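# Architecture and fold: a report
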Amino acid sequence: MSISEQEIQNIVRNVLQNMGKSEESTANQASGQSKKLMGIFENIEDAIAAAKTAQKEIQPMPLEFREKIIANIRKKTIENAKIFAELGVEETGMGNVGHKILKHQLVAEKTPGTEDLSTTAWSGDRGLTLIEQGPYGVIGAVCPSTNPSETVLCNSIGMLAAGNSVVFAPHPAAKNVSNLAIDMVNRASVEVGGPENLVVAVKEPTMDVSKTIFGHKDISLLVATGGPGVVTTVLSSGKRAMGAGAGNPPVLVDETANIPKAAEDIVNGCTFDNNLPCIAEKEVVAVKSIADELMYYMEQAGCYHANDEEVSKLVSTVFVEKNGRKTLNRQCVGRSAKVLLNKIGVNVGEEIRCIIFKGDKNHPMIAEELMMPILGIVEVKDVDEGIEVSVELEQGNRHSAHMHSTNVNNLTKYGKAIDTAIFVKNGPSYAALGFGGEGYATFTIASRTGEGLTSAKNFTKSRRCVMCDALSIR
Ligand code: NAD
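Quick caveat, the model's predicted, so the values are computed rather than measured. For every chain, the first residue of the written sequence is number 1, and numbering continues from 1 along that sequence. In keeping with the model being predicted, local features are shown solely for residues with a pLDDT of at least 70 and side-chain atom pairs are shown and tallied solely at 80 or more, while totals for entire chains, interfaces and linings include all residues. Note that the side-chain values use all heavy atoms of the structure and ignore hydrogens as well as water.

### Points about the environment of M38
Among the structural elements, M38 can be located in the loop between α2 (23-30) and β1 (40-41). Taking the relative accessible area as the measure of exposure, M38 reaches 16% and is therefore buried. Between the alpha carbons of M38 and E283 there is a distance of 42 Å; along the sequence they are 245 residues apart. Setting aside residues no more than four positions away along its own chain, M38 makes contact with I182, D183, N186, R187, V190 and E196. Comment: elements are numbered from the N terminus, with helices defined as DSSP H or I runs of at least four residues and strands as E runs of at least two. Partly exposed describes any residue whose relative accessible area lies between the buried limit of under 20% and the exposed limit of over 50%, with all areas from a 1.4 Å probe on protein chains only and scaled to the type maximum. When checking whether two residues touch, look at their non-hydrogen atoms; a contact exists if any pair is within 4.5 Å.

Written out as structure tokens, the structure reads:
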């Protein structure tokens, strides 16, 4: 089932109407009216020491108690979704408040807790052997600016469910909203009788702070959610690390697809939170016989078809020259189509959600991960060429790819060739996060290191527990 823009708007309206008073206390903290944020330290050594103490407290507690803390995190996340969404957009300048509310709800409702931990057993004449999943201890987790509080809250649920505590390294451009989420997690724990400092960070996150975390003897696992730079850095740290890095997800449409539905799904997925999710459709590869029809329906679904002159203006706007190479203009990342068009002198109404154009596979707005609601459409002669071009555009990230087709052979061939952690068929990309699709949610997709969509089980170490010659009652 896919969710239409109208349904999304209705959900957002209901959530806004049901927001309770509890958001006021979080709002006060956000505006600095309240006392010190829980779990936020001046100094990284103090933060790590506090997380180490808290982990020693949580580890021996019954799983039922961990669940009690997690249930309260879920409740508070829903109550404060609007605050986090508004603060996130205000602080980073990126994204869409309504969609960010939905992302927080998704984290609260669909991130797995302790039920994700399983036991494997062998029982026989020589006794009973179990493989149990135990915590690493203190985890160092780097978070992006694109889903800041969403990542802090989602990681907190999964990592705490596994019995760890967490030292976060939020993005400096999203430190306020990230630190507020950290405060809320600790308050959720303390409120039900749990320890403070289960999750911590410093007031001013910097690269030096991250370096200390990456090299610290008391941190046993690193989890980096961000671009290629930070993923490569944690993977070179010498510690066990998970890398949830960049993607450039192509969506392939063949001649057997339901074209009006494909157009609507693609526009819904691409425009969700102004294209910030790493899994979102970033370019379209369409078989020539249906490409114009697809673009027609995309226009019906709220796309602006840019002409050649507008496309060149967009290129000079969304990229800036840095050290002789084109890099993304951060003032354009996560902005709406209306704002982006306005920057090149085109005024459109709120109904315009996305910008489309036809282009070559090497076009910079197609080959680069933009994180903006701009979709280049690459025409190909048939599905085989489409698969080849899509694989090239995905750039070996092995992150996400999507396809609209009713031919199972084409879907299978593409799935095998592109080999990504996420492959959504006949739906918007966000179905992969459990939003309008089956399965659990996460905001840390560790494509580079192979865990895929992470959850509590990935934040555990495997332990073999052997009882010799007893306890087997077969
Ligand atoms: P970013 O890479 O600029 O920052 C991510 C985090 O890494 C921040 O906390 C930043 O401070 C830190 N960082 C960056 N370089 C570092 C270095 N060399 N050493 C230490 N820390 C460093 O990313 P962003 O713009 O905030 O987020 C967008 C990127 O993240 C996109 O490429 C997107 O695809 C990716 N992303 C991936 C996932 C996933 O689950 N795979 C999820 C969200 C975002």
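### Some points on the side chain of H104
As for its position among the elements, H104 is in helix α6 (residues 97-110). For H104, the side chain forms a polar contact with the main-chain oxygen of K100, separated by 2.8 Å. Separated by 2.8 Å, the side chains of H104 and S149 make a polar contact. Excluding its chain neighbours within four sequence positions, the residues that come into contact with H104 are T77, A81, F84, A85, S149, E150 and L153. Two N or O atoms count as a polar contact when they lie within 3.5 Å, although within protein this holds only if one can serve as hydrogen donor and the other as acceptor, and sequence-adjacent residues are included solely when both atoms are side-chain atoms.

### Overview of the sheet that holds strand β20 (residues 460-468)
Note on sheets: strands pair through backbone hydrogen bonds, and any given pair is parallel or antiparallel. By the convention used here, strands pair only if DSSP detects at least 2 bridges between them. Taken in spatial order, the three strands of this open sheet run β2-β3-β20, and their pairing is antiparallel. Taken across any chain shown, the strands that pair with only one partner, and hence form the sheet edges, are β2 (120-124) and β20. Across the sheet, the axes of successive neighbouring strands diverge by a mean angle of 15 degrees, strand direction being ignored. Both strand β3 (residues 127-135) and β20 contribute to a ladder of nine bridges, which runs antiparallel. Of the residues in β20, the one forming a bridge with P135 is T460. Where helices are involved, their axes are fitted lines through C-alpha atoms of the stretch in contact, as for all axes, and angles between N-to-C directions lie from 0 to 180°.

### Some points on the packing of aromatic side chains
When the centres of two rings from Phe, Tyr and Trp lie within 6.5 Å, Trp using its six-membered ring, the rings pair. Their planes under 30 degrees apart give stacked, over 60 give edge-to-face, and anything left gives tilted. All chains considered together, the criterion is met by five aromatic pairs. Ring centres 5.4 Å apart and planes at 80 degrees place the aromatic pair Y414 and F423 in the edge-to-face group. Ring pairs connect the aromatic residues F272, Y430 and F435, which therefore count as one cluster. Between K36 and the ring centre of F41, over which it is positioned, the NZ or CZ distance is 5.4 Å. Cation placement over rings: the criterion is NZ of Lys or CZ of Arg within 6 Å of the ring centroid and within 35° of the ring normal. The ring of W122 is capped by R464, whose NZ or CZ atom sits 5.4 Å from the centre of that ring.

### A word on the site of the ligand
Neighbouring the ligand are 30 residues; C143, S145, G245, E369 and I445 lie closest to it. Between the ligand and A244, the relevant distance is 3.4 Å, taken from a nitrogen atom to a main-chain nitrogen or oxygen of the residue. At 3.1 Å, a side-chain N or O of H399 approaches a nitrogen atom of the ligand. Using the Shrake-Rupley algorithm and a 1.4 Å probe, accessible areas are obtained, with residue cover drawn only from the displayed protein chains. In the complex, the protein chains occlude 88% of the 830 Å² of accessible area that the ligand would expose alone. Those elements that provide at least two residues to the shell around the ligand are α9 (207-215) and α10 (228-235). Asp, Glu, Lys and Arg are counted as charged, while Ala, Val, Leu, Ile, Met, Phe, Trp, Tyr, Cys and Pro are counted as nonpolar; the rest, among them Gly, fall into the polar class. Of the residues contributing to the shell around the ligand, the split by class is 15 nonpolar, 13 polar and two charged. A molecule or strand has a residue near it when one of that residue's heavy atoms lies within 4 Å.

### Considering the pairing of strand β17 (residues 422-425)
Side chains I422 and V424 of β17 all project onto a buried face; the interleaved residues F423 and K425 project onto a face where none is buried. Two strands pair when backbone bridges link them, and strand β16 (residues 400-404) and β17 are joined in this way by four bridges, in the parallel orientation. Its bridge partner lying in β17, A401 is registered against F423. Assessed by its sense of winding, the connection that carries the chain from β16 through helix α17 (residues 408-418) to β17 is right-handed. Handedness of a crossover is defined as follows: orient the strands so they point away from the viewer, and if the path from the first strand over the helix to the second runs clockwise, the crossover is right-handed.

### Some words on the packing of helix α7 (residues 148-161) against helix α8 (residues 175-191)
Direction vectors running N to C along α7 and α8 enclose 30 degrees, while the axes themselves pass 8 Å from each other. Overall, the two elements α7 and α8 adopt an arrangement that is roughly parallel. Like other packed secondary-structure pairs, α7 and α8 cross with a definite hand, here right-handed. On α8, the residues touching P148, S149, V152, L153, S156 and L160 of α7 are V177, S178, A181, I182, M184 and V185. Here the contact of α7 with α8 is built from residues that sort into nine nonpolar, three polar and no charged. Any angle between 65 and 115 degrees counts as roughly perpendicular, while under 35 counts as roughly parallel, over 145 as roughly antiparallel, and the rest as oblique. In a left-handed crossing the near helix is turned counterclockwise from the far helix by less than a right angle, and in a right-handed crossing that turn is clockwise.

### A few points about the confidence of the model for the chain
pLDDT is a per-residue confidence score from the predictor, ranging from 0 to 100. Averaged over the chain, the pLDDT score is 94; the fraction of residues at 70 or greater is 93%. Taken together, the stretch residues 18-24 has pLDDT below 50 and engages in 11 contacts with residues farther than four places along the chain or on a different chain.

### Some thoughts on unusual backbone geometry
The backbone of N323 sits at a positive phi, close to 50 degrees, despite the residue not being glycine. Examined against the element boundaries, N323 turns out to sit in the loop between β12 (319-322) and β13 (325-328). The phi torsion at Q395 lies on the positive side, around 60 degrees, for a residue other than glycine. Take Q395: it is sitting in the loop between α16 (383-394) and β16.

### Concerning the side chain of S447
Mapped onto the elements, S447 comes out in the loop between β18 (445-446) and β19 (452-453). The exposure class assigned to S447 is buried, which follows from its relative accessible area of 11%. Non-local contacts of S447, meaning those with residues more than four positions away in its chain, are made with G243, G245, N397, R398, H399 and A421.

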